[in-house]
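A look at the structure
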Amino acid sequence: MTMIKLTAVVFQEGPYWLAQGLEHDITVHDYERENLPRKMERAVKSNIIILRSMSGTLSNIGEAPPKFARMVAY
C-alpha cells in the first residue's frame, strides 16, 4: 500500500465545513467538521480508482488554486 500525504485547509462556508486538498484539488464538505477526514480519505481513494481505470494517477489532479494555500496558518 502506498502512503499519500495530503495537506488540507479546513474552513466553514455557510452551514458547511469544507476540506480543500492543497497538493491535489480535491474538496469535500459536511455539516460536521469531524466527518471531513473520513470523507477526504474516501474522495482520494475514489479518485485513485477512477484515474487508474483511465491509466492515470493522482498526479493527474493538479494543485488547488493558490487562494487556498494562502489560507494556511503556519
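These lines cover the structure that appears in this document, whether it is placed above or below.

Each value, and the rule that gives it
Residues numbered from 1 in each chain as written. Predicted model: local features only at pLDDT ≥ 70, side-chain atom pairs only at ≥ 80, totals over all residues. Heavy atoms only, no water. Helix = DSSP H or I, 4+ residues; strand = E, 2+ residues; numbered from the N terminus. Buried < 20%, exposed > 50% of the residue type's maximum accessible area, 1.4 Å probe, protein only. Pairing = 2+ DSSP bridges. Salt bridge = Lys/Arg side-chain N within 4 Å of Asp/Glu carboxyl O.

Considering the environment of Ala 73
With respect to the element layout, Ala 73 can be found in the segment after helix H2 (66-69). It is 23 Å that separates the C-alpha atoms of Ala 73 and Val 44, two residues lying 29 residues apart in sequence.

Focus on the pairing of strand E3 (residues 27-30)
Residues of E3 alternate between two faces, with Val 28 and Asp 30 buried on one and Thr 27 and His 29 left unburied on the opposite face. Pairing geometry for strand E2 (residues 16-21) and E3, over 4 bridges, is antiparallel. Looking across to E3, one finds that Ala 19 is bridged to Val 28. A loop of 5 residues connects E2 with E3, the two strands running antiparallel in sequence.

Focus: the pattern of salt bridges
In a structure, side chains of opposite charge can pair up when their charged atoms sit close to one another. Inspection of the entire model under this criterion finds 2 salt bridges. With a closest N to O distance of 2.9 Å, Lys 39 and Asp 30 form a salt bridge. Judged by its relative accessible area of 13%, Asp 30 is buried. Note that Lys 45 and Glu 41 form a salt bridge whose closest N and O atoms lie 3.1 Å from each other. Placement of the pair is Lys 45 and Glu 41 together in helix H1 (residues 36-53), with a separation of 4 residues, close to one helical turn. Using a relative accessible area of 47% as the deciding quantity, one classes Lys 45 as partly exposed. Residue classification places Glu 41 among the partly exposed residues on the basis of a relative accessible area of 46%.

It is worth stressing that arrangement in space is one thing and function is another; only the former is reported here.
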